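Residues per chain are reported as follows:
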Amino acid sequence: MPIVNFHITGSAEHLQITLTARDNSHGALLPGTKQYKCQLPPLSSRLQQKDRQWKQKYAAWLSGIATLTPSSPPIEIETNVSILQECQQLGNELIREFNEWVGHAAKIQNALLHTVSSRDYCQNPSDFCFILNVDTIDPALNLTLQRLPFHAWDFFQEYYPHAEISLSTTSHALPAVISQRLQVLVVRGYDPNINLDEQQIAIGKQLEDTNLADVIYWNRGAEENATASLFRTLKNSSPQVLFFIGHSESTNGAIQISINQTEHINLQKDRNFKNILRGLKSRGLIFAAFISCDGLGIAQELSDLGIPYLMVSREILPVHVAREFLNEFLTKAIEPGVPIHIALSHARQHLHEIVEAYKNNDGCPNASTFPVIFQSPEQHAYILNPITKSSPISITPEFRLQFLLDRIIKHWKIASIFSASLILVMIIALIRKTELTENACDSTIKNLSYLSCGEKSILGNEYLDLDAKKGMAELKLYTPNYLKAIESLEKSWKSNQKNPEVLIALSNAKIKFAQAQAIATGKSSLQVKTIAVVIPASLKANEETYLPISLIAAVAEAQRRWNDRNTPSWLLEVMIANDFNEPEQAKQVVEDLTARPILGTIGHYSSYVTESVLPIYEAKKMTLISATSTAIDLGKNYQFFFKTVNENSNQVRQIIEYCQQRNIKKVELLHGIRNFSITFKENLSHQAQQNDIEINLRQLTNRKLNASKVLKDLKNNRSQLIVLAPDAFIDRVDQENVRQLIVTNAGKIPIIGNEVVHEPWLFTQIEQQPELGENLMFTFTWNKAVNRTNISPEIYSRSPKWWSDGNRQISHRTVLTYDAANVLIDSIDLVNTDLPDLNIRAMLPRFIRRTNYTGITGKISFNGSNRNENLSGLVQPQFDQSGKLIKFTPPK
């Protein structure tokens, strides 16, 4: 269990950082590592200036948030949104300046990679703990450095994704081992801006619903002796975890927390309070979270108490943001075996992807850089819900012995591999040489968290069983054992055919083994061609992994069917890439893909991401085939782009025809804010105007959307149809608004949702309230219920059973992606595969355009980038009496 410590000393002009990696079982340096000392560049004036500017602008925006009330706000909402945008820009500039400053210290990066290789980290991220100890000669400089966004360090994010850099407190002895059930104390202080009852209930509910902990509550009182009441509660309890929610502030250098409207605790002066906290620590307090303002001030004051873990916020978080952060943190932290560092990283990513993205006052600039954990430098990662009953922070002689045995076994295995035979070593060397120079799946992807050829899971290890983890671990070794990998992956796949990542890893491992055998027997090397599938595996707290799985499943099955032919002239290798459904990340992914001998790509998922990367594919002459990007004119003037899916104008046409058949003249459209929804909105408005249909527009991505008011307006306006068109990757705000609209409507007014609305949470809701399924329809890009003339008879023989998930039929995304993969594979086979890969890449578009294919969805031919055949249709789900989905039919 390595603890990696960054120790910064010196002055602003002469900063030095010392890097060590120790094992927390005995404190010794990790084997093969040493202590590294490097000079940091002087703290740049531009960085400090940008930090001051951001703080000033953030304070101005925050004061506007506090005064945005219905009664005459001193700051107009439009003005405050402008301040928000300026603050967001300054926040981005601050992060760039920080990376510019720390990026000059290349020796730190090299030293860190020598100390903890990215490969070792990625094998088990939760096994590493990174701690920053700032101890310069100037206390003010210490605070400045602690406020810097180290979590936004580009290098660190790339090589150690999901890792947290904790801040160090004073060194203290380990707490006593606690064996009893987890005890949690929730202290509700005072804050005029927070509904503390709701927040307290939310904390307790998450902990109690999982039967994880016994929760004790202390509520503030209006009586004058509220402080004494709190102190009695603290003295008479022995919690391992303490949550304080309420208000705190710095006044003339003094830190105080509010107990009620009149009583406050001064952390500098009230020794009794500190002594009580020391007593809690001696009785087993491990983790304390202060959900309040001026968190760094609180941490500084409490750092000498020896509490192993303190979680605070560097800056003031708005009330709704603090609530969202805490909910996300607890959701992850209560999962079995998840350290609080991983939970914090998860919540931080949520703030970055969701909260920071809002362009109105629901957002919060740089919110993801605020939360931080302070911890004792000897401590490793604390786990609220350990998998075993043993204390996650206790150190025993048996643990030390096991640690030594693990290392002996690990080194013995490596030695046995190298000494097995000289011939095997030569084979591996030859394969490695090929990978480094010719193979798309070379060793460099092992350090890239967003690319995988089967040596790691893009979706996350929690979706793998033990055999799958073993197989992937074998592939990730510097000298992979392909036979062992194949054995483990086959066992995993046969027992649980749910994660197609395992099938791709298995297919790729078989290819590697076949290559090794060919070299060992002196046969000519097998031809291997590589394609990539790009998925939107977001890091949001999103249980709907069926979306990326539905895309991987199609390509995995296409690969398996191609490689399992009797006499394959070449074998197909598949790389999985994750663009997080974000344009900037997607650009980096595409740069990596196009720099490798990859012949083509299946993806990207959403139209706005696809639009951002098309120029790169075109410049690098690599084919991209999308089965999901439906925005209009997306592929205009691009030679290397194709779509097996139609534009969303076809879906719009179906809605217009539905309105004409039923004489509907007024429609309410709720839409998203990105490319897919915008083109859908524009096209529907245009076609509606031509057909004398009135469209009333509302933005769906709106936290303040009131479903009851929308439906009341609809009734007053005599609208006859609701159309829901959220963006391609639905976020929590859109999803909640869609849910509220469908639930509040309760089947009264017809609703047509685009394919994004068709998600598991909706059908779970319908099973509970069957009436919600009345008058509910979807516009799909393909469905066999309405596209019978295009269906290939082979759909029933081609489609593996494992494509179906529960009561859902085969996903339209899976079917269209399967066709896209086969278009690409068949086109590669038509080219002379003896040609260099770059030549094949350049020739592929001609072969794709000149040939007609028959896929699961029927005939496929292209006019430019677009598919000629119309597929999309309007369908209505049919449910049984219990509310379970049976099938889709054309609308009644």
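None of these values were measured; they are calculated from a predicted model. The numbers attached to residues start from 1 for each chain and follow its sequence in the written order. Local features in this predicted model are restricted to residues of pLDDT 70 or higher, and side-chain atom pairs are both shown and tallied only at a pLDDT of 80 or more, whereas totals for entire chains, interfaces and linings draw on every residue. Processing note: side-chain calculations cover all non-hydrogen atoms of the structure and skip hydrogens and water entirely.

Enquirer: Even after reading the chapter, I still don't get helix α16 (residues 482–495), so can you show me in this structure?
Expert: Each α-helix winds once per 3.6 residues, and so residues spaced three or four apart point in a common direction. The helix count covers DSSP runs of H or I at least four residues long, the strand count covers runs of E at least two residues long, and both are numbered beginning at the N terminus. Take the number of residues in a helix, subtract one, and multiply by 1.5 Å to get its expected span. In this model α16 runs 20 Å from its N-terminal to its C-terminal C-alpha over 14 residues, within 8% of the 20 Å that 1.5 Å per residue would give. In the analysis that follows, any N or O atom pair within 3.5 Å is treated as a polar contact, provided that within protein one partner can donate a hydrogen and the other can accept it, and provided that, for residues neighboring in sequence, both atoms belong to side chains. Capping of α16 at its N-terminal end is provided by Asn 481; its side-chain oxygen lies 3.4 Å from the backbone amide nitrogen of Leu 483.

Enquirer: Can you help me understand the state of the cysteines in this one?
Expert: Here a disulfide denotes a covalent bond joining the sulfur atom of one cysteine to the sulfur atom of another. The disulfide criterion is simple: two cysteine sulfur atoms within 2.5 Å. Taken as a whole and assessed by the stated rule, the structure comprises one disulfide. No disulfide involves Cys 364; its nearest neighbouring cysteine sulfur is the one of Cys 87, lying 7.9 Å away. A 1.4 Å probe rolled over the protein chains alone gives each residue an accessible area, and that area as a share of the maximum for its type sets the label: buried under 20%, exposed over 50%, partly exposed in between. Judged by its relative accessible area of 0%, Cys 364 falls in the buried class.

Enquirer: Just to check I follow, could you spell out the environment of Val 723 for this structure?
Expert: Looking at the element boundaries, Val 723 is found in strand β23 (residues 721–725). A residue is classified by how much of its surface remains accessible, and Val 723, at 1% relative accessible area, is buried. Each C-alpha atom, one on Val 723 and one on Asn 754, is 7.9 Å from the other, the two residues being 31 residues apart in sequence. In contact with Val 723, not counting residues within four places along its chain, are Ile 655, Val 667, Glu 668, Leu 669, Leu 670, Phe 680 and Ile 752. Two residues form a contact once any of their heavy atoms are found within 4.5 Å.

Enquirer: Help me out: how do you make sense of the packing of helix α21 (residues 649–661) against helix α22 (residues 675–690) in this one?
Expert: When two helices pack together, their arrangement is given by the angle between their axes and by how far apart the axes lie. Inter-axis angles, ranging from 0 to 180 degrees, are taken between N-to-C directions of lines fitted to C-alpha atoms, where helices are fitted over the stretch in contact. Across the interface, α21 lies against α22 with an axial gap of 9 Å and an inter-helix angle of 40 degrees. One way to sum up the angle between α21 and α22 is to call them oblique. Relative to α22, α21 is oriented so that their crossing is right-handed. For the pair formed by α21 and α22, the contact residues are Ser 649, Gln 651, Val 652, Arg 653, Ile 655 and Ile 656 on the first element and Phe 680, Asn 683, Leu 684, Gln 687 and Ala 688 on the second. When residues are sorted by character, Ala, Val, Leu, Ile, Met, Phe, Trp, Tyr, Cys and Pro go into the nonpolar class, Asp, Glu, Lys and Arg into the charged class, and all the rest, Gly among them, into the polar class. Along the lines of polarity and charge, the residues of the contact of α21 with α22 split into six nonpolar, four polar and one charged. Orientation categories follow fixed angle ranges, with anything under 35 degrees roughly parallel, anything over 145 roughly antiparallel, 65 to 115 roughly perpendicular, and all other angles oblique. What makes a crossing left-handed is the near helix being turned counterclockwise from the far one by less than a right angle; a clockwise turn instead makes it right-handed.

Enquirer: Sorry if this is basic, but what is going on with the pairing of strand β25 (residues 776–780) here?
Expert: Remember that side chains alternate between the two faces of the sheet whenever the strand is regular. With five of its five residues buried, β25 lies for the most part within the structure. Neither face of β25 is left uncovered, since the one carrying Leu 776, Phe 778 and Phe 780 and the one carrying Met 777 and Thr 779 both have all their residues buried. By the criterion used throughout, a crossover qualifies as right-handed when its path from the first strand across the helix to the second strand runs clockwise, the strands pointing away from the viewer. The parallel pair strand β24 (residues 751–754) and β25 is bridged by helix α25 (residues 760–768), and the resulting crossover is right-handed. Inspection of the sheet shows β25 paired to strand β30 (residues 873–879) by three bridges, in the antiparallel sense. Bridging from a neighbouring strand, Phe 778 pairs with Val 875 of β30. Any two strands between which DSSP finds at least two bridges are classified as paired.

Enquirer: Would you mind going over empty space enclosed by the protein with me for this structure?
Expert: Empty space among the atoms becomes apparent when a probe as large as a water molecule is rolled across them. Within this scheme a cavity is a closed region of a 1 Å grid, computed over the protein atoms alone, that accommodates a 1.4 Å probe without allowing it to escape, whereas a pocket is open but has protein on both sides within 12 Å along at least five of seven lines; lining residues each have an atom within 4 Å of a point. Grid points are joined across faces, edges and corners, and a volume is the space filled by probe spheres set on the points. Applying the stated criterion across every chain, the model contains nine cavities of 30 Å³ or more. A volume near 90 Å³ is recorded for the second largest cavity. Around the second largest cavity sit Asp 51, Trp 54, Lys 55, Leu 94, Arg 147, Pro 149, Arg 314, Glu 315, Asn 366, Thr 369 and Phe 370, which together line it. Here the element with the most residues in the lining of the second largest cavity is helix α1 (residues 45–67); it accounts for three residues.

Enquirer: I'm lost on the sheet that holds strand β22 (residues 694–699) in this one. Help?
Expert: Sheet strands line up and pair through hydrogen bonds in the backbone, either parallel or antiparallel. If you trace the seven strands from one edge of the open sheet to the other, you get β22-β21-β23-β24-β25-β30-β31, paired in mixed fashion. Every other strand in the sheet has two partners, leaving β22 and β31 (885–889) as the edge strands with one partner each. Within the sheet, the average angular offset between the axes of one strand and its neighbour, ignoring direction, is 25 degrees. Bridge analysis of strand β21 (residues 666–671) against β22 gives six bridges, and the strand direction is parallel.

Enquirer: Can you help me understand the pattern of salt bridges in this one?
Expert: As a working rule, side chains carrying opposite charge can pair if their charged atoms are close by. Within this document, salt bridges are pairs made up of a side-chain nitrogen of Lys or Arg and a carboxyl oxygen of Asp or Glu, the two lying within 4 Å of each other. Applying the stated criterion across every chain, the model contains 25 salt bridges. Here Lys 332 and Glu 335 are joined by a salt bridge, their closest N and O atoms 3.5 Å apart. Looking at Lys 332, the relative accessible area reads 15%, which means it is buried. For Glu 767, the salt bridge is made with Lys 884, and the minimal N-O distance between the two is 3.6 Å. Of the two residues, Glu 767 is situated in helix α25 and Lys 884 in the loop between β30 and β31; the sequence distance between them amounts to 117 residues. Residue classification places Glu 767 among the partly exposed residues on the basis of a relative accessible area of 31%. Judged by its relative accessible area of 39%, Lys 884 is partly exposed.

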